[in-house]
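Structure assessment
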Amino acid sequence: MLGKLVRCGVEIEDKELCLVPTTKGHLAKCLKMINDPDTSRFLLARFAFTEEQEAEWLKNESGDPHSVIWSIQLGDEHVGQTGIHHINQLTRTAVTGIVIDREHWHKGIAIAVMKARAVYAKNHLGLVALFTEICVANTYSQKAAETAGYEKYGIKPYGMFANGQCYSLWLGCLDLTK
């Protein structure tokens, strides 16, 4: 499903950071990010996507009751995507993910988005925990997750293959009951 508007409560470069429902108008930037080797090198999706595949992704995610997706907006600019996936109402848990266009890395966007997404997960979805998996080579994402409150609960060996080698995944959990 599409997430509702979420104001992250911060300004970066004098622009408001928000999570907005993803529309067809966001797909061109989504395609640019997912097909950019620098931006996607630590994502589990390892193949290039077409416009048709991106449109199908939006259609599927929009109708999935176990998923919430947003586009990340900095002012009027689409700078990334985030979501809450595999929502399990029985265990009240879910898995999170984020991708930010490389032109906007190291500005605090990921931390602010992770915190706002967690508030939404707790207050609107009634979740008690969020999980994430981050390639161990992606130290910046690990640091952002830890700063946003995720705690390491393990390492998954051979979790992904990229750049000709296997990587382990850092496993994080954000306890929303605290």
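Heads up: the structure comes first, above all this text.
Anyway, here's the lowdown on the structure attached to this text. Keep in mind that what you see is a predicted model, and the values were worked out from it rather than measured.

One open sheet holds the 8 strands; their spatial order is S1-S2-S3-S4-S5-S6-S8-S7, and the pairing between them is mixed. Each having just a single partner strand, strand S1 (6-12) and strand S7 (151-162) make up the two edges of the open sheet. Geometrically, the sheet is characterised by an average inter-axis angle of 25° between neighbouring strands, direction not taken into account. Here S7 runs beside strand S8 (residues 165-175); their pairing, made up of 8 bridges, is antiparallel.

Okay, the side chain of Gln142 next. Within the secondary structure, Gln142 sits in helix H5 (residues 139-147). Gln142 gets classed as buried once you look at its relative accessible area, which sits at 13%. A distance of 2.9 Å separates a polar atom in the side chain of Gln142 from the backbone oxygen of Val136. Those residues within four positions of Gln142 in sequence are excluded, and the remaining contacts are Ile134, Cys135, Val136, Ala137 and Trp170.

Take the pattern of salt bridges next. Scanning the model with the defined rule gives 8 salt bridges in all. Residues Glu13 and Lys107 are paired through a salt bridge, measuring 2.9 Å at the closest nitrogen-oxygen approach. Taken together, the residues span a long stretch of sequence, with Glu13 in the loop between S1 and strand S2 (15-20) and Lys107 in the loop between strand S5 (93-100) and helix H4 (109-123) at a distance of 94 residues. By relative accessible area, which is 45% here, Glu13 ends up partly exposed. On the accessibility criterion, Lys107 (29% relative accessible area) is partly exposed. Between Lys178 and Glu151 there is a salt bridge; the shortest N-O distance is 3.3 Å. Taken together, the residues Lys178 in the segment after S8 and Glu151 in strand S7 connect sequence positions 27 residues apart. On the accessibility criterion, Lys178 (68% relative accessible area) is exposed. Linked through salt bridges whose partners overlap, the residues forming this network are Lys29, Lys32, Asp101 and Glu103.

Cut-offs and rules
- All residue numbers here refer to positions counted from 1 along the written sequence of the relevant chain.
- In view of the model being predicted, local features appear only for residues whose pLDDT reaches at least 70, and side-chain atom pairs are presented and counted only at 80 or more, with totals across whole chains, interfaces and linings using the full set of residues.
- The side-chain figures draw on all heavy atoms in the structure; neither hydrogens nor water molecules are used.
- Pairing between two strands is assigned when DSSP locates at least 2 bridges connecting them.
- In DSSP terms, a helix is any run of H or I states spanning at least four residues, a strand is any run of E spanning at least two, and both are numbered starting from the N terminus.
- Every axis corresponds to a line fitted to the C-alpha atoms, with the helix fit spanning only the stretch in contact, and the corresponding angles, defined between N-to-C directions, vary from 0 to 180 degrees.
- Each residue is placed in one exposure class: buried if its accessible area under a 1.4 Å probe, protein chains only, is under 20% of its type's maximum, exposed if it is over 50%, and partly exposed if it falls in between.
- For the purposes of these results, a polar contact is taken to be a pair of N or O atoms within 3.5 Å, where, inside protein, one atom must be able to donate a hydrogen and its partner to accept one; residues adjacent in sequence count only when each atom of the pair is a side-chain atom.
- Residues are treated as being in contact if the distance between any of their heavy atoms lies within 4.5 Å.
- A side-chain nitrogen of Lys or Arg and a carboxyl oxygen of Asp or Glu constitute a salt bridge if their distance falls within 4 Å.

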